[in-house]
Amino acid sequence: LGRVGIAYNKNTRKYVLLAQVNEGLMFATSNTPNGRFTFHHIQDKITNVVNDMTGDQSVYNDDDGKAYLVYSNRKGRSHLYVSALRESDYLNAEPAVNIYN
């Protein structure tokens, strides 16, 4: 478990925790940012990413209420990506947009 980030989703009134696990990108939810998080699922692939999954990553919450995952590819930092988190609940990373090579 590593590279943890949290985003607040105002639609669900839940805090969503994203973390890397061996199988992919884990999602969990809680009512508070420091509360007990409940496992939701693991996303094992992000479309349009070299090696299918994230390397270094961070969660970004925009002022407009949207949240994004900003990351490199799994095996190196030769590509940088941004994926919007699914707007309704933030429980999925949408297809990647390559922002730098």
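In this report, we go over the structure that sits alongside the text. Treat the numbers as computed from the prediction; the structure is a model and nothing was measured.

1. Considerations on the overall build of the protein
- Helices and strands together make up the secondary structure of the protein, namely 0 helices and 8 strands.
- Listed N to C, the secondary structure of the protein is β-β-β-β-β-β-β-β in terms of helices and strands.
- Expected size for 101 residues packed as a compact globule is a radius of gyration near 13 Å; at 13 Å, the protein falls within 12% of this value.
- When its C-alpha atoms are laid out on the principal axes, the protein stretches across 35 × 30 × 20 Å.
- For the protein, buried positions account for 40% of its 101 residues.

2. Some remarks on the packing of aromatic side chains
- With the rule as written, the count across this model stands at 3 aromatic pairs.
- Considering the side-chain rings of tyrosine 8 and tyrosine 15, the 4.7 Å spacing of their centres and the 50° angle between planes classify their relative orientation as tilted.
- Overall, the relative accessible area of 36% leaves tyrosine 8 in the partly exposed class.
- Ring plane angle 25° and centroid distance 5.5 Å describe the contact between tyrosine 71 and tyrosine 81, whose orientation is recorded as stacked. Here tyrosine 71 is found in strand β6 (residues 67-73), whereas its partner tyrosine 81 is found in strand β7 (residues 80-84), with 10 residues between them in sequence. Like tyrosine 81, tyrosine 71 is buried.

3. Description of the environment of histidine 79
- Its location among the elements puts histidine 79 in the loop between β6 and β7.
- Sequence separation between histidine 79 and asparagine 101 is 22 residues; the distance between their C-alpha atoms is 4.6 Å.
- In this structure histidine 79 touches Val50, Tyr71, Ser72, Asn73, Asn98, Tyr100 and Asn101, once residues within four positions along its chain are discounted.
- Within the local environment of histidine 79, its side chain forms a polar contact with the side chain of asparagine 98, the two groups lying 3.4 Å apart.

4. A look at the environment of glycine 76
- Along the polypeptide, glycine 76 turns up in the loop between β6 and β7.
- Classification of glycine 76 by relative accessible area gives partly exposed; the value is 33%.
- Sequence separation between glycine 76 and valine 50 is 26 residues; the distance between their C-alpha atoms is 9.8 Å.

Rules used throughout
- Along each chain, the written sequence defines residue order, and numbers are assigned to residues from 1.
- Two thresholds apply to this predicted model, a pLDDT of at least 70 for residue-level local features and 80 or more for giving and counting side-chain atom pairs, whereas whole-chain, interface and lining totals are computed over all residues.
- Heavy atoms from the whole structure form the basis of all side-chain values; hydrogens and water molecules are not counted.
- Only DSSP runs of H or I covering at least 4 residues are called helices, and only runs of E covering at least 2 are called strands; the numbering of each starts at the N terminus.
- All radius of gyration figures rest on C-alpha atoms, and the globule criterion is 2.2 Å times the number of residues raised to 0.38.
- Exposed residues in this analysis have more than 50% of their type's maximum accessible area, buried residues have under 20%, and partly exposed residues fall in between, with area computed by a 1.4 Å probe over protein chains only.
- We call Phe, Tyr and Trp rings a pair once their centres come within 6.5 Å, taking the six-membered ring for Trp, and we label the pair stacked below 30 degrees between planes, edge-to-face above 60, and tilted otherwise.
- Only heavy atoms enter the contact rule, under which two residues are in contact if any of them lie within 4.5 Å.
- Polar contacts, as used here, are pairs of N or O atoms within 3.5 Å; protein pairs need one atom able to donate a hydrogen and one able to accept it. Residues neighboring in sequence count only if both atoms are side-chain atoms.

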